[in-house]
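# Survey of secondary and tertiary structure
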Amino acid sequence: MSALTQRGVLRLAGVLLLLLRCAVSVSSKGATGGAQLDTAPSAPGTLPHFLQEPVDAYIVKSNPIKLRCWAAPALQIFFKCNGEWVHQNEHFSHEFKDLHTGLKVREVMINVSRQQVEDFHGPEDYWCLCVAWSHLGTSKSRKATVRIAYLRKNFEQDPQGREVPINGMIVLHCRPPEGVPAAEVEWLKNEEALSSLTDDNIVTRADHNLIINEARLSDSGNYTCLASNIVARRRSATATVVVFVNGGWSLWTEWSACNVPCGRGIQRRSRTCTNPAPLNGGAFCEGMSVQKITCNALCPVDGGWDEWSEWTACSSQCERQRRRECNSPAPRHRGRVCDGSGEDTENCTDGLCTQSVDASNDVALYSGLGAGIFAVAILIVAVMLYRKNHSEYGVDVIDSSALAGGFQSFNFKTTRQGNPLLLNSSMQPDLTVGRTYSTPLCFQDAADKELFDPLPDIKVKVQSSFMVSLSVAERAEFHAKTAAETFPRDPSRDYCVTAARRVNGLLTLNGPFSTAEKEPLTTAAVFGHEGGRLVAPNTGVSLLVPHGAVAEDTSWEMHMVIYQGGSSVQKLDECDILLGPEVTYGPPGLDLLGPVAMSIAHCAEVDMENWNILLKRRTQDSKWEEVMSTEEESTSCYCLMDSTSCHLLLDQPGSYALVGEPLTQAAVKRLKLAVFGSVDAGSLSYSLRVYSVDDTPHAFQAVVAAERTRGGQLLEEPKMLPFRANTFSLQVSIQDVPQFLWTIKPFTTCQEFSFPQVWCSNQQPLHCAFSLERYSPAAAQLSCKISVRQVNGHEQILQVYTAVAEAEKDSVPFFMQTDCTVTSQTGPKAFKIPSSIRQRICATFDTANAKGKDWQLLAQKLGLDRNLGYFAKQQSPSAVILSLWEARHQDATDLDSLASALEEIGKIHSRGSPKDRSDGEPDFSHIRAGSLSREAPPTNQETEDSG
């Protein structure tokens with residue numbers, strides 16, 4: 001039926017109802033007490049009243065919705081949608097009687113489809129209302145809107161992850177996707193619903209934002225915004241919230257006792273970054289963890305006797321007494337009391353005593369005295385005759401600086417040590433091939449990388465069977481006793497004065513070599529973004545330029561200079577000694593994105609109780625300024641002391657040196673001892689030269705360079721001698737020379753270096769010479785011992801056994817080791833850690849984690865967990881830690897220590913459930929030692945559920 005026909009029918013129905021109303025009105029007026037019509041409602045005179053009006057509805061997908069109306073009294077009910085009457089055939093009507101009111105109730109229902117709503121294009125939403133008729137008129141219901149329900153997939157604003165300090169406020173924003181009806185929002189933390197009803201610290205706003213008023217450690221986690229309506233549910237991107245704790249210093253400990261019993265020492269106090277400890281990537285404490293101040297302990301003063309008093313009068317027992325007091329000085333500060341007795345008694349024999357003396361006792365007394373005098377006279381004559389017969393082997397202790405020792409200036413051309421082939425009866429060593437010292441800083445193939453164990457500390461006491469006179473032992477004993485009487489005292493007092501005199505030119509030391517300044521050793525290379533390594537071969541010095549330290553599309557020509565003369569020493573403080581060479585790296589205007597790692601060999605026995613080791617930098621006016629103490633913490637640079645090398649992380653180019661000041665007499669620096677020999681041309685003379693040099697690769701090469709020019713031969717493998725800061729000298733003596741085959745010049749069998757000469761040598765060699773002469777050309781062998789000992793200290797024995805006749809022939813190399821001339825490597829081949837593994841480690845540990853798996857844990861497992869404040873200020877702390885590990889383990893042929901550390905970290909965190917492990921986080925628990933060179937499979941990426 002057409003719309004026009006529908007309108008006609010409805011209009012006709014309206015006219016009929018109007019006529020019916022008029023008829024009823026007329027009949028009621030004309031009748032007297034007539035009864036109502038049977039079709040009239042039970043409550044005449046009221047308009048239709050809606051018991052249920054149509055309500056707003058939403059169409060989900062393609063399902064139609066139903067609109068209902070209930071009205072009473074009502075003769076008819078029709079729906080009108082968008083101003084148009086709904087066809088009668090689309091109405092579903094039902095009439096029933098209300099049991100409570102007795103009224104007839106009419107119910108009408110229609111269906112609205114999705115197509116009807118979509119086809120409507122009006123200024124407002126699709127709407128419908130009910131129109132009900134009764135005898136008195138019509139009533140209209142409220143408008144009910146019908147809309148198509150939907151919920152879009154993408155959030156208008158996802159919550160963003162945050163790192164907040166503890167007790168700070170956390171605000172997470174969320175704007176849900178557009179939808180009809182509007183979506184309701186709830187928050188999830190680690191997949192569990194959050195409610196402000198159960199936690200007063202949490203507030204959910206009407207704008208859907210989540211507010212945590214005061215962040216707690218337990219608030220760290222993964223937060224998700226969940227939006228839902230009658231159509232669907234949508235999840236936002238997960239926001240990771242990390243609540244971190246910045247470190248705070250604990251209280252200072254009490255000052256420690258002075259570390260020396262007498263003289264100048266130090267006191268320490270410390271504090272720890274544990275109040276609270278940094279957590280979840282929080283900042284490490286700024287400032288120093290250790291403070292030191294100087295202290296002066298009162299030295300003990302031993303007691304001394306006064307002069308004896310006068311003798312008393314002779315007593316009746318023929319005795320007299322005298323007394324003395326222990327007051328010159330009196331013992332103080334735990335000093336010893338005087339030895340001996342304060343009283344003395346003797347017999348009186350000057351006639352003041354009247355007692356008789358037995359004459360027979362006098363005879364026995366005088367007879368004994370006479371016999372003793374006679375025996376002493378015979379002994380003196382025998383000793384004089386013996387010394388006359390052996391006068392050509394006179395022995396004395398002299399200062400070798402008057403002969404051939406002293407401070408020498410050398411060309412410091414350092415080389416790599418192999419395990420040298422020492423001189424024997426059929427092969428002579430030569431210095432034409434400079435390979436004398438073991439140092440890792442040399443690029444070779446993996447098959448050529450041999451690491452030799454350090455020489456043992458041999459302490460042997462040898463009793464010489466020849467040419468050791470009583471005078472030597474007495475003189476050494478006298479030195480020891482004299483020093484013991486004046487100690488304890490400031491160990492730096494004596495040699496600091498001597499060092500100052502040496503600097504000012506007041507101490508003249510003779511030597512066979514030129515003291516002119518040598519040309520510095522320089523090496524250079526060009527480095528780009530991939531970084532690399534720069535090495536001065538056989539010096540113990542290297543420079544590591546990490547990957548990324550040079551900006552992309554940029555390159556720098558970097559150089560490294562090792563100064564081989566003594567000019568830098570003259571600018572040091574009086575009590576400072578060089579523990580390694582002075583090294584400069586540049587150029588001066590170098591601009592890098594991260595620190596470089598420099599390694600420098602040193603000669604100190606590292607013990608912070610006995611040493612104050614400082615890193616110093618040369619200023620523009622050639623003075624030295626302190627950069628940091630190796631024991632203190634600093635954010636400007638990093639210093640890691642190993643047993644033989646110091647590894648530095650430096651941000652600024654310049655000249656650097658490692659210097660030390662002894663704090664106690666127990667401070668030790670290592671000396672390397674070597675003996676060389678050569679034959680004087682055309683004579684029966686043979687020269688032995690003994691060298692003492694600081695135990696660094698750089699310093700020992702000066703000896704090699706000097707002996708190469710002399711044609712010298714190494715007669716014994718070099719040995720190490722610990723030299724203590726006890727102010728005692730170094731004695732060198734030759735022993736067990738065959739006296740029937742060889743003779744030695746008088747007064748040279750034992751020579752001596754003073755303490756300041758040895759202690760303040762500052763990387764420059766000292767040497768002394770022994771000149772021997774054969775009685776006959778037939779004497780083809782020489783065997784003897786060289787004893788090098790510090791008075792009241794350690795001793796080393798150098799055993800000499802050489803075929804002198806072979807020395808007159810052409811010499812052969814004694815260092816059988818391949819050359820090492822490569823000074824630089826660039827790109828990935830310069831690093832031990834593969835680039836992919838390095839990137840994974842940095843990505844894992846640079847990101848703060850609520851479980852504490854960050855770069856601080858990596859530093860702890862690699863043994864680099866001091867001065868963490870320096871790492872904290874770096875853009876990538878993990879990358880700097882790995883660079884320091886590379887510099888420290890440049891000798892190693894594998895990555896065992898790094899692999900073991902990562903494996904241990906992986907095991908610790910694999911104990912947690914997989915649910916607790918963050919998505920996309922690499923798992924290192926599968927790593928085994930030596931497997932880091934293999935590529936690891938890529939990690940799974942998190943996928944988004946679109947709902």
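Before reading further, recall that the structure is shown in the block above.
Presented here is an overview of the structure given in this document. Bear in mind the structure is a predicted one, so any value in this text is a computation, not a measurement.

## Brief notes about the sheet that holds strand 17 (residues 202–204)
One open sheet accounts for 3 strands, arranged 13-18-17; its pairing is antiparallel. Edge positions in the open sheet fall to strand 13 (170–172) and strand 17, since each of these has one partner strand only. Between one strand axis and the next, the sheet turns through 15° on average, direction left out of account. Where strand 13 lies against strand 18 (residues 210–212), 3 bridges are found, and the strand directions are antiparallel. The residue bridging Ile170 from the neighbouring strand is Ile212, located in strand 18.

## Some words on the side chain of Asn229
Summarising the element assignment, Asn229 is placed in the loop between strand 19 (221–228) and strand 20 (233–235). A polar atom in the side chain of Asn229 sits 2.9 Å from the backbone nitrogen of Val231. Excluding anything up to four places from it in sequence, Asn229 contacts Tyr150, Leu151, Gly179, Val180, Pro181, Ala182 and Ala183.

## Quick word on the pattern of salt bridges
When their charged atoms lie close together, side chains carrying opposite charge are able to pair. All chains considered together, the criterion is met by 30 salt bridges. We note a salt bridge from Glu156 to Arg175, for which the minimum N-O separation is 2.9 Å. Taken together, the positions of Glu156 in the loop between strand 11 (150–151) and strand 12 (162–165) and Arg175 in the loop between strand 13 and strand 14 (179–180) put the pair 19 residues apart, joining distant regions of the chain. With a relative accessible area of 45%, Arg175 lands in the partly exposed category. With a closest N to O distance of 3.2 Å, Asp695 and Arg670 form a salt bridge.

## A look at the state of the cysteines
Per the stated rule, a full pass over the model turns up 8 disulfides. A disulfide bridge connects Cys81 with Cys128, and the sulfur atoms are separated by 2.0 Å. On the S-S bond that ties Cys81 to Cys128, the torsion sits near 110°, and the link is right-handed. In this pair, Cys81 sits in strand 4 (residues 76–81) while Cys128 sits in strand 8 (residues 126–133), placing the two residues 47 residues apart along the sequence. Residue classification places Cys81 among the buried positions, given a relative accessible area of 8%. You can call Cys128 buried: its relative accessible area is 0%. For Cys258, the disulfide goes to Cys295, at an S-S distance of 2.0 Å. In this structure, the disulfide formed by Cys258 and Cys295 twists by about 80° around the S-S bond and is classed as right-handed. One end of the pair, Cys258, is in the loop between strand 21 (239–244) and strand 22 (263–270); the other, Cys295, is in strand 23 (residues 290–297), with 37 residues separating them in the sequence. With a relative accessible area of 24%, Cys258 lands in the partly exposed category.

Rules and cut-offs
Think of each chain on its own: its residues are numbered from 1, step by step along the sequence as written. The predicted origin of the model limits local features to residues at a pLDDT of at least 70 and limits the giving and counting of side-chain atom pairs to 80 or more, whereas totals for whole chains, interfaces and linings rest on all residues. The basis for every side-chain value is the complete set of non-hydrogen atoms in the structure, without hydrogens or water. When DSSP finds two or more bridges between two strands, those strands count as paired. Going along the chain from the N terminus, every DSSP run of H or I of four or more residues is numbered as a helix, and every run of E of two or more is numbered as a strand. Simply put, an axis is a line fit to the C-alpha atoms, just over the touching stretch for a helix, and the angle between two N-to-C directions goes from 0 to 180 degrees. Between N or O atoms, a polar contact is any pair within 3.5 Å; within protein, one atom must be a potential hydrogen donor and the other a potential acceptor, and residues adjacent in sequence are included only when both atoms are from side chains. We call two residues in contact when some of their heavy atoms are within 4.5 Å. Salt-bridge detection follows one rule: a side-chain nitrogen of Lys or Arg within 4 Å of a carboxyl oxygen of Asp or Glu. Burial status follows relative accessibility: with a 1.4 Å probe on protein chains alone, a residue under 20% of its type maximum counts as buried, one over 50% as exposed, and anything between as partly exposed. Cysteine sulfur atoms are paired as a disulfide whenever they fall within 2.5 Å.

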